[in-house]
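# Breakdown of the fold
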Amino acid sequence: MDADKQNANPTILSLSDLPSRRRESNVRRRDDGGTGLFDDLIPQYSYLNDPFEQPLSSSDSDDGSVEDIDEQEVFDLISSISDPEHPLSLGSLAVVNLPDIHILPPSSPYSSISTVVVEITPTITHCSLATVIGLGVRVRLEQALPPRFRVDVRIKKGTHSTDEAVNKQLGDKERVAAALENGTLMGVLRKMLSTCE
């Protein structure tokens, strides 16, 4: 089975060696077995609560402030994406690395849109799945990040034999939209993203 893989013996990093804020001890467990990761995203309505329950303090209320998203959080979102060729994550294969993630501030004082730039490093210089991996990273970030972020996924310069052509494909909105309408490709992307936390 390994004979049909382009890089049958990639370098693998231990998950414990990857930079992350996600640790098992930080995850709250609910009585029903869930983690409650998205509990804070659901608005609390007072008419649904117990009238004898204590009201939330002013520090717990949503004051309309924007939560900062940093490079580590972006890395945590994409490092668990599985490689389409190997049963390993992009983080453990060092395809995505924390130093290769940048968040650029808005280009205009009248704009609130920041840009997330992710440079991916294919495991081999002639990887035919580099475009698929870049597309998977782009889809994951567009689904997970708020709309105030633009996503720019690129192949790191000098790490792929056709990095300019792949970057052109990943940067072309029409090509990306057409690729996302391809059922076979969407199946591959769903499989890649199924391992995301």
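Cut-offs used in this document
Residues numbered from 1 in each chain as written. Predicted model: local features only at pLDDT ≥ 70, side-chain atom pairs only at ≥ 80, totals over all residues. Heavy atoms only, no water. UniProt positions renumbered as here; feature names shortened; annotations may be inferred. Buried < 20%, exposed > 50% of the residue type's maximum accessible area, 1.4 Å probe, protein only. Helix = DSSP H or I, 4+ residues; strand = E, 2+ residues; numbered from the N terminus. Arc of directions from axis to C-beta. Polar contact = N/O pair within 3.5 Å; in protein donor to acceptor, adjacent residues only side chain to side chain. pLDDT = per-residue confidence, 0-100. Contact = heavy atoms within 4.5 Å. Pairing = 2+ DSSP bridges. Axes fitted to C-alpha atoms, helices over the stretch in contact; angles between N-to-C directions.

Going by an unreviewed UniProt entry, the protein chain carries the name MIP18 family-like domain-containing protein and comes from Bimuria novae-zelandiae CBS 107.79. Turning to the protein chain, the UniProt annotation filed under Sequence similarities (unreviewed entry) states: "Belongs to the MIP18 family."

### A word on helix H5 (residues 183-193)
For H5, the full list of buried residues reads Leu 185, Leu 189, Met 192 and Leu 193. Buried positions in H5, seen along its axis, are confined to an arc of 90 degrees and lie on one side of it. More than 90 degrees from the buried face of H5, the exposed residues found are Gly 183, Thr 184, Arg 190 and Lys 191. At the N-terminal end of H5, a side-chain oxygen is found 2.9 Å from the backbone nitrogen of Thr 184, two or three residues along, and the residue is Asn 182.

### Structural notes on the confidence of the model for the protein chain
Atomic detail in the predicted coordinates should be set aside for any region of low pLDDT. Summing up the model confidence of the protein chain, the mean pLDDT is 79 and the portion of residues at 70 or higher is 68%. With pLDDT under 50 throughout, residues 24-29 is counted as low confidence; its partners more than four residues away or in other chains account for 11 contacts. Note that residues 48-52 has pLDDT below 50 and, in this model, 1 contact with residues that lie over four places away or in other chains.

### Observations regarding the sheet that holds strand E3 (residues 149-155)
With mixed pairing, 3 strands are arranged side by side in an open sheet as E1-E2-E3. Of all the strands in the sheet, just strand E1 (101-104) and E3 have a single pairing partner and so form its edges. Taken pair by pair, the neighbouring strands of this sheet meet at an average axis angle of 20 degrees, ignoring direction. Pairing of E1 with strand E2 (residues 114-120), which is carried by 4 bridges, proceeds in the antiparallel orientation.

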